[in-house]
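Summary of structural features
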Amino acid sequence: MGRVRPYPLPAHALLTRYSDKGGYTDCFVADVAPGVSHADYVAAFYTSWLFKLERVVLLLVAKPSTDEQAMQLARGQRERFAAWSVEAREPDQLLVCDYQGKTRSWLMCQPAVEDGTAVTRLYFGTAIVPVVVNARDRAGPTLKRNGEPLINPVLLQVLSTNFRLELEAEEV
């Protein structure tokens, strides 16, 4: 796989609905050989060895999954997979919501040209949905400061660490 790098979130991405609402969003891309379909990308992502480690952890919260279920999700034959449900789907995009409604994961693939060479650009992004709570209620996942939702800094650190591990694994 090509080098994974941060990339601006495309305006037509399903994930933009969260950046437009003040949520944390990110976007990463990797360029691979041309001809990779979205279904192939989704299946490869959710059946990778790194994701299988996450699936083991999900057993602790009673969210089991199989490779066959990942393939069904990739083919559009399943609306729930492990801890996620499909929020939106287009022929080249998939947006899933975690079972608590706090995060979103997004996968997209499109043909592109990089340095004069045809490639398939694989996109991956995440959103953390802000929750505005009463400033007196400090138990919520986020707090309100000057009317703006804040993301829990611990959650951001966990997310950042997770992406760093995924990026390092892809570069090996």
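The structure presented is a predicted model; accordingly, all values stated were derived computationally and were not measured.

Conventions we followed
Residues numbered from 1 in each chain as written. Predicted model: local features only at pLDDT ≥ 70, side-chain atom pairs only at ≥ 80, totals over all residues. Heavy atoms only, no water. Core = buried A, V, L, I, M, F, W, Y, C linked by side-chain atoms within 4.5 Å. Buried < 20%, exposed > 50% of the residue type's maximum accessible area, 1.4 Å probe, protein only. Helix = DSSP H or I, 4+ residues; strand = E, 2+ residues; numbered from the N terminus. Arc of directions from axis to C-beta. Contact = heavy atoms within 4.5 Å. Axes fitted to C-alpha atoms, helices over the stretch in contact; angles between N-to-C directions. Parallel < 35°, antiparallel > 145°, perpendicular 65-115°, else oblique. Left-handed = near helix turned anticlockwise from the far one by under 90°. Nonpolar A, V, L, I, M, F, W, Y, C, P; charged D, E, K, R; others polar. Pairing = 2+ DSSP bridges.

**Digging into the nonpolar core**
Core analysis: the biggest nonpolar cluster contains 22 residues, and Val42, Tyr46, Leu73, Phe81, Trp84 and Leu107 have the highest contact counts within it. Contributions of two or more residues to this core are made by α2 (38–46), α3 (49–58), α4 (67–74), β4 (84–90), β5 (93–98), β6 (103–114) and β7 (117–128). No other element matches the five residues that α2 contributes to this core. Formed by 13 residues, the second largest nonpolar core is a distinct cluster that contains Ala13, Val29, Leu95 and Ala127.

**Thoughts on α4**
Helical geometry: 3.6 residues make up each α-helical turn, so side chains three or four residues apart lie on a common side. If you check which residues of α4 are buried, you get Ala70, Leu73 and Ala74. The buried residues of α4 occupy an angular sector of 100° when projected down its axis, which confines them to one face. Along its buried surface, α4 packs onto α2, β3 (80–81), β4 and β5.

**Things to note about the packing of α2 against α4**
A pair of packed helices can be characterised by two numbers: the angle between their axes and the separation between those axes. Remark: α2 packs on α4, axes separated minimally by 8 Å, with the N-to-C direction vectors making an angle of 155°. As far as their axial angle goes, α4 and α2 are roughly antiparallel. Considering how the two elements wind past one another, α2 and α4 form a crossing that is right-handed. Seen from α2, the contacting residues are Ala39, Val42, Ala43 and Tyr46; seen from α4, they are Ala70, Met71, Leu73 and Ala74. Taken together, the residues that form the contact of α2 with α4 break down as eight nonpolar, no polar and no charged.

**Quick look at the environment of Glu68**
Inspection of the secondary structure puts Glu68 in helix α4. In this structure Glu68 comes out as partly exposed when scored by relative accessible area, which is 43%.

**Some details on unusual backbone geometry**
Despite not being glycine, Ala82 shows a phi value in the positive range, around 50°. For Ala82, the location among the structural elements is in the loop between β3 and β4. Here Ala82 falls in the buried class, since its relative accessible area comes to 19%. A positive phi angle, close to 55°, is found at Asp115, a residue other than glycine. With respect to the helices and strands, the residue Asp115 is situated in the loop between β6 and β7.

**Things to note about the environment of Val86**
Summarising the element assignment, Val86 is placed in strand β4. Once the C-alpha coordinates of Val86 and Gly76 are considered, the two residues, ten residues apart in sequence, prove to be 9.6 Å apart. Look past the residues within four positions of Val86 in its chain and what remains in contact with it is Leu73, Arg78, Glu79, Leu94, Leu95 and Val96.

**So, the sheet that holds β5**
With antiparallel pairing, seven strands are arranged side by side in an open sheet as β1-β2-β7-β6-β5-β4-β3. Two strands in the sheet have a free side with no partner beyond their single neighbour: β1 (5–6) and β3. Strand direction decides the pairing type here: β5 and β6, joined by five bridges, are antiparallel. Note that in β6 the partner of Leu94 across the bridge is Leu107. Each of β3, β5, β6 and β7 is contacted by α2, which is oriented at about 130° to β6, the strand it contacts most.

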